[in-house]
Amino acid sequence: MRTMADELIEEGRQKGWVEGRARERAEGVVRILTTRGIAVDTDARQRILSCTDLDALDRWFERALKVASLSDVFASG
């Protein structure tokens, strides 16, 4: 039988895992862009690094591999 403390600990672990994954993916987006010679201004860097939506970060990551400009990373559609 799980206690309330066990549930809170597990919830904290899960939250930490998601936050860590998001941070790792965001840093990857910035790294890919800068490695490809695409300048990442302060506002864009903040937008990317503060994002916690893994779906958006995955989309941006894939786009960062192919786009020609920073604005293309954030383009909808």
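Look a little higher up for the structure.
Residues numbered from 1 in each chain as written. Predicted model: local features only at pLDDT ≥ 70, side-chain atom pairs only at ≥ 80, totals over all residues. Heavy atoms only, no water.

1. Let's talk about the overall build of the protein chain
Definition in use: Note on conventions: DSSP H or I runs of at least 4 residues are helices, E runs of at least 2 residues are strands, and numbering of each starts at the N terminus. Only the C-alpha atoms count toward the radius of gyration. The rule for a globule is 2.2 Å times the residue count to the power 0.38.
What the protein chain contains, in helices and strands, is 4 helices and 0 strands. Going residue by residue from the N terminus, the α and β elements of the protein chain occur as α-α-α-α. On C-alpha atoms alone, the protein chain measures out to a radius of gyration of 16 Å, which is more than a quarter above the 11 Å that the 2.2 N^0.38 rule sets for 77 residues. Its C-alpha atoms give the protein chain principal-axis dimensions of about 55 × 25 × 20 Å.

2. Some points on the packing of helix H1 (residues 4-35) against helix H2 (residues 42-50)
Formally: Helix axes use the C-alpha atoms of the stretch in contact, all axes being lines fitted to C-alpha atoms, and the angles between their N-to-C directions lie in the range 0 to 180 degrees. Oblique is the label for every angle not falling under 35 degrees (roughly parallel), over 145 degrees (roughly antiparallel), or within 65 to 115 degrees (roughly perpendicular). A contact between two residues is defined here by any heavy atoms of the two lying within 4.5 Å. Polar here means any residue outside two lists: the nonpolar Ala, Val, Leu, Ile, Met, Phe, Trp, Tyr, Cys and Pro, and the charged Asp, Glu, Lys and Arg; Gly therefore counts as polar.
The contact between H1 and H2 brings their axes to 8 Å, and the two run at 150 degrees. In terms of axis orientation, H1 runs roughly antiparallel to H2. Side by side, H1 and H2 meet where Arg23, Ala26, Glu27, Val29, Val30, Leu33 and Thr34 of the first sit next to Arg45, Ile48 and Leu49 of the second. Counted by class, the contact of H1 with H2 contains 6 nonpolar, 1 polar and 3 charged residues.

3. Focus on the environment of Gln46
Position of Gln46 relative to the elements: it lies in helix H2. Sequence separation of Gln46 and Val18 is 28 residues, and the distance between their C-alpha atoms is 18 Å.

4. Observations regarding the packing of H1 against helix H3 (residues 54-64)
Applicable threshold: Crossing handedness is read from the near helix: turned anticlockwise from the far helix by less than a right angle, it gives a left-handed crossing, and turned clockwise, a right-handed one.
The geometry of H1 relative to H3 is characterised by a closest axis approach of 9 Å and an angle of 20 degrees between their N-to-C directions. Between H1 and H3, the angle falls in the class roughly parallel. Two packed elements cross with a definite hand, and for H1 against H3 that hand is left-handed. In this structure, H1 uses Val18, Arg21, Ala22, Arg25, Ala26, Gly28, Val29, Ile32 and Leu33 to contact H3, whose residues at the interface are Leu54, Leu57, Asp58, Trp60, Phe61 and Ala64.

5. Thoughts on the environment of Asp6
For clarity, the threshold we go by: Throughout this description, buried means an accessible area under 20% of the type-specific maximum (1.4 Å probe, protein chains only), exposed means over 50%, and partly exposed covers the range between.
Mapped onto the fold, Asp6 is located in helix H1. Judged by its relative accessible area of 34%, Asp6 falls in the partly exposed class. Taking the C-alpha atoms as reference points, Asp6 and Gly16, 10 residues apart in sequence, are found 15 Å from one another.

6. Description of H3
Stated formally: Throughout, the arc means that of the directions going from the helix axis to the C-beta atoms. Any pair of N or O atoms that falls within 3.5 Å is considered a polar contact. Within protein, one atom must be able to donate a hydrogen and the other to accept it, and sequence-neighbouring residues count only if both atoms are side-chain atoms.
Considered for burial, the residues of H3 that qualify are Ala56, Leu57, Trp60, Arg63 and Ala64. The arc that holds every buried residue of H3, seen down its axis, measures 125 degrees, which confines them to one face. Elements in contact with the buried residues of H3: H1, H2 and helix H4 (70-74). By the N-cap criterion, in which a side-chain oxygen at the helix start approaches the backbone nitrogen of a residue two or three places on, H3 is capped by Asp53, the distance to Asp55 being 2.9 Å.

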